[in-house]
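# Topology and contacts: notes
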Amino acid sequence: MSSPRHEFPVRASKDIYVGAVMALRADEVEMPGGRVAVRETLEHPGAVAIAALDDDDRLMVIHQYRHPVGRRLWELPAGLLDVDGEDPLETAKRELTEEAGLAATDWSVLVDVVPSPGFSDESVRVYLARGLSEVGRPELGDDEEADLTTRWVTLSVAVRMVLSGTIVNGITVAGVLATHAIAGVPAAARPAGAPWPDRPTRFAERKRRSS
């Protein structure tokens with residue numbers, strides 16, 4: 001007979017930093033033996049990414065500057081869940097248009113990814129978008145998104161880019177490989193509105209309270 005599982009209760013919590021797109025807090029967490037340990041947690045609004053696959057089995061990828069790593073990375077179109085109350089699918093549709101100038105008629109869920117569970121509550125939902133049409137990109141102003149470029153690559157080339165280290169963004173790696181895996185069994189994809197149990201909510205609630 002197994003013993004009850006420990007619930008890791010939080011005994012105290014304090015904010016270290018609160019910014020525009022993230023917050024950092026320190027929690028005092030009770031360990032299984034009774035010791036209390038400090039765990040620093042980065043609160044994240046959550047995000048979506050889109051594997052947009054056309055009828056020729058080509059994926060849309062973007063080349064975008066990422067300041068923390070100091071270079072441009074090949075990625076899937078993606079964006080933060082930073083509009084209060086917006087459904088994640090609507091965010092994905094908007095980001096696909098803003099970053100790639102595309103719209104899609106067929107949406108499903110590929111994978112949900114928790115990139116850094118050791119220190120962040122970030123979770124990213126990767127959608128598969130089919131039935132694509134070009135609608136043009138809107139004016140993006142002068143931020144780093146204005147500098148991004150787009151490219152169509154075949155799914156097989158995208159897989160090779162992952163395995164060669166050309167694609168290193170973790171969400172994109174997951175999305176490309178999931179798209180490749182599901183290519184022969186499209187029915188395996190989840191509905192676009194499938195439950196998302198790990199979607200982060202704490203940062204959004206924090207912003208809501210402060211507004």
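Cut-offs applied
- Residues numbered from 1 in each chain as written.
- Predicted model: local features only at pLDDT ≥ 70, side-chain atom pairs only at ≥ 80, totals over all residues.
- Heavy atoms only, no water.
- 1 Å grid on protein atoms, 1.4 Å probe; cavity = no way out; pocket = protein on both sides within 12 Å on 5 of 7 lines; lining within 4 Å.
- Points joined across faces, edges and corners; volume = space filled by probe spheres on them.
- Helix = DSSP H or I, 4+ residues; strand = E, 2+ residues; numbered from the N terminus.
- Nonpolar A, V, L, I, M, F, W, Y, C, P; charged D, E, K, R; others polar.
- Core = buried A, V, L, I, M, F, W, Y, C linked by side-chain atoms within 4.5 Å.
- Buried < 20%, exposed > 50% of the residue type's maximum accessible area, 1.4 Å probe, protein only.
- Contact = heavy atoms within 4.5 Å.

Under the annotation held in an unreviewed UniProt entry, the protein chain carries the name NUDIX domain-containing protein and is attributed to Pseudonocardia aurantiaca.

Turning our eyes to something else, we now look at the layout of surface pockets. Each pocket or cavity is described by its volume, and for the largest pocket that value is around 990 Å³. Lining the largest pocket we find 34 residues, and of these His44, Arg66, Leu80, Glu122 and Asn169 sit closest to its centre. Of all the secondary-structure elements, those providing two or more residues to the lining of the largest pocket are β4 (47–52), β5 (58–66), β6 (71–75), β7 (78–80), α1 (88–100) and α3 (170–182). When grouped by side-chain class, the residues that make up the lining of the largest pocket number 16 nonpolar, eight polar and ten charged. Volume-wise, the second largest pocket comes out at about 300 Å³. If you trace the second largest pocket, you find 16 residues lining it, with Leu81, Asp84, Gly85, Ala204 and Arg208 closest to the centre. Looking at the lining of the second largest pocket residue by residue, the class counts come to six nonpolar, three polar and seven charged.

This next bit is on the nonpolar core. With 25 residues, the main nonpolar core has Leu59, Leu110 and Val176 as its most contacted residues. At the level of elements, β4, β5, β8 (102–113), β9 (124–134), α2 (155–164) and α3 are the ones that each hand at least two residues to this core. If one sorts the elements of this core by residue count, α2 sits on top with five residues. Among all residues touching Val176, those that are not within four sequence positions of it are Leu59, Leu155, Ala158, Val159, Val162 and Ile167. In this structure, Val48, Leu81, Leu89 and Trp196 belong to the second largest nonpolar core, which totals 17 residues.

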